[in-house]
Amino acid sequence: MAKLFEVVVNGNDITIQLKYTNVRVNQISVFIDHHYLGSLGLLQSFVIQTNGYLPKKIQIQYEVVYEGRVLRHNETHHVRQNAFRKQQYKPGDILVSCDNVNGLPFGFMGHGALVISDQEAIESIPLDPIVRKITIESFKSDHPNHAQFRPVSEAKGLNAANYAIRYLNIYQENKIKGIKKPKFKFTIKTPLHDEWTYIYCTKLIWLSYYYGAGIEFINDHLWFSPEDVYSNCINHPEFELIYIHPEFKFHIDS
């Protein structure tokens, strides 16, 4: 059977539309790279927003009525990667993942970093050096299940990035002088606005926006976790979602 659907890419939107008006199609199920998106009733066309994710393959399963019989059918569409806008990065972008490189299950811990240029970010980790500059590509490689948020105000994003750069510079100067501040530790004993006692990945993001851009993220429980970063940004009027992996999800409100 010939393909009944046409797949059209426009920016980061994918339009799936029925090519024929005289064909009755029911129970449409859509998969992107084997990820099930959901099922639809009888529709002529619909749009999928990819949020920056670059799919390679779209599979459509459906029922079609042919000569009085109901037949199940599926078709696969391969998507040209150059049809999408390339994911870009600006100073102040927030990268937050729901996965870890230390073996914890997806959705329970996570990690975060603050973008300082179109190719680099700053993160805090439990290994020396605990504050360091990394490439964005290395973050994406280590943490594929991540989301990217961008401040609506470019100036605030730049100010947050500049704070993170200054923080890294001071940390490196302290190391040279033998000053062991800050230390890496998840703690609730010191307030978030305490800059130099303890640090961890998402606290650095909190500090960068609090002191650098005048934005105070809400911390609902214990330490300021990657889940808190996502929950703050997803509905925050000063941030927009640029990219999210289809399997990005937190299982707990930490």
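For the structure, see preceding data.
Since this is a predicted model, take the numbers as computed values, not measurements.

Draft legend 1. Focus on the sheet that holds strand β9 (residues 111-115). A sheet is described by the order of its strands in space; here six strands give the open sequence β11-β10-β9-β8-β12-β15, paired in antiparallel fashion. Edge positions in the sheet fall to β11 (131-135) and β15 (239-244), since each of these pairs with one other strand and no more. Pairwise comparison of adjacent strand axes, ignoring direction, gives a mean angle of 30 degrees for this sheet. Along the sheet face, helix α2 (residues 154-177) touches β9, β10 (120-124), β11 and β12 (146-151) and points at about 125 degrees away from the line of β11. Helix α4 (residues 226-234) rests against β8 (94-97), β9, β12 and β15 of the sheet, and its axis sits at about 125 degrees to β8.

Draft legend 2. Molecular detail of a positive patch on the surface. The grouping of Lys 180, Lys 183, Lys 185 and Lys 189 at the surface amounts to a positive patch. One can find Lys 183 in strand β13 (residues 183-184). Classification of Lys 183 as partly exposed rests on a relative accessible area of 49%.

Draft legend 3. Spatial organisation of α4. Buried within α4 are the following residues: Pro 226, Glu 227, Asp 228, Val 229, Asn 232 and Cys 233. Lining the buried residues of α4 we find β8, β9, β12, α3 (201-212) and β15.

Draft legend 4. Representation of the packing of aromatic side chains within the structure. For the structure on display, the rule yields 18 aromatic pairs. For the ring pair Trp 206 and Tyr 210, a centre distance of 4.5 Å and an interplane angle of 20 degrees mean the geometry is stacked. Of this pair, Trp 206 and Tyr 210 both sit in helix α3, separated by four residues, roughly a single helical turn. Residue classification places Tyr 210 among the partly exposed positions, given a relative accessible area of 29%. Aromatic pair Phe 248 and Phe 250: ring centres 5.4 Å apart, planes at 90 degrees, arrangement edge-to-face. We classify Phe 250 as buried; its relative accessible area is 14%. Pairwise contacts between aromatic rings join Tyr 163, Tyr 167, Trp 196, Trp 206, Tyr 210 and Tyr 211 into one cluster.

Draft legend 5. Structural view of the pattern of salt bridges. Applying the stated criterion across every chain, the model contains six salt bridges. Asp 128 serves as the salt-bridge partner of Lys 175, at 2.8 Å between the closest nitrogen and oxygen. Of this pair, Lys 175 sits in helix α2 while Asp 128 sits in the loop between β10 and β11; the two residues are 47 residues apart in sequence, bridging distant segments of the chain. Across the pair Glu 238 and Lys 156 runs a salt bridge, and its minimum N-O distance is 2.7 Å.

Draft legend 6. Just the side chain of Ser 117, in detail. For Ser 117, the position within the fold is in the loop between β9 and β10. Within polar-contact distance, the side chain of Ser 117 engages the backbone nitrogen of Glu 120 at 3.1 Å. Excluding residues that lie within four positions of it along the chain, Ser 117 makes contacts with Tyr 89, Pro 91 and Ile 136.

Draft legend 7. Expanded view of α3. Helix length check: α3 (12 residues) gives 16 Å between terminal C-alpha atoms against 16 Å at 1.5 Å per residue, within 8%. Within α3, 10 of the 12 residues are buried, leaving the element largely enclosed by the surrounding structure. Here α3 has its buried residues at Cys 201, Thr 202, Lys 203, Leu 204, Ile 205, Trp 206, Leu 207, Ser 208, Tyr 209 and Gly 212. Just past α3, the residue Gly 214 takes up positive phi, approximately 70 degrees.

The rules we used
Counting starts from 1 at the beginning of each chain's written sequence and moves along it residue by residue. Local features are withheld for residues below a pLDDT of 70 in this predicted model, meaning they are given only at 70 or higher, and side-chain atom pairs are given and counted only at 80 or more; totals for whole chains, interfaces and linings count all residues. With hydrogens and water set aside, each side-chain value is computed from the structure's full complement of heavy atoms. By this definition, two strands are paired if DSSP reports at least two bridges between them. The numbering of helices and of strands both runs from the N terminus, where a helix is a DSSP run of H or I of at least 4 residues and a strand a run of E of at least 2. Only C-alpha atoms enter the line fits that serve as axes; for helices the fit covers just the stretch in contact. Angles between N-to-C directions range over 0 to 180 degrees. Working rule for contacts: check all heavy atoms of both residues, and any pair within 4.5 Å makes them a contact. Patch definition: residues above 30% relative accessible area lacking any salt bridge, with like charges linked at up to 9 Å and the nonpolar side chains Val, Leu, Ile, Met, Phe, Trp and Tyr linked at up to 5 Å. Only the protein chains shown count as cover for residues, and the accessible areas themselves come from Shrake-Rupley with a 1.4 Å probe. In the sections that follow, a salt bridge refers to a side-chain nitrogen of Lys or Arg positioned within 4 Å of a carboxyl oxygen of Asp or Glu. Here the positive residues are Lys and Arg and the negative ones are Asp and Glu; neither His nor the chain ends is included. In plain terms, the charge of a residue is placed at NZ if it is Lys, CZ if Arg, CG if Asp and CD if Glu. Each residue gets one of three labels from its accessible area relative to the maximum for its type: buried under 20%, exposed over 50%, partly exposed in between, using a 1.4 Å probe on protein chains only. To pair, rings of Phe, Tyr and Trp, with the six-membered ring standing in for Trp, must have centres within 6.5 Å; the planes then decide the type, stacked if under 30 degrees apart, edge-to-face if over 60, and tilted in the middle. In protein, a polar contact means a hydrogen-donor-capable atom and an acceptor-capable atom, both N or O and within 3.5 Å, with residues adjacent in sequence counting only if both atoms are side-chain atoms; elsewhere, any N or O pair within 3.5 Å suffices. A helix is expected to span 1.5 Å for every residue after the first.

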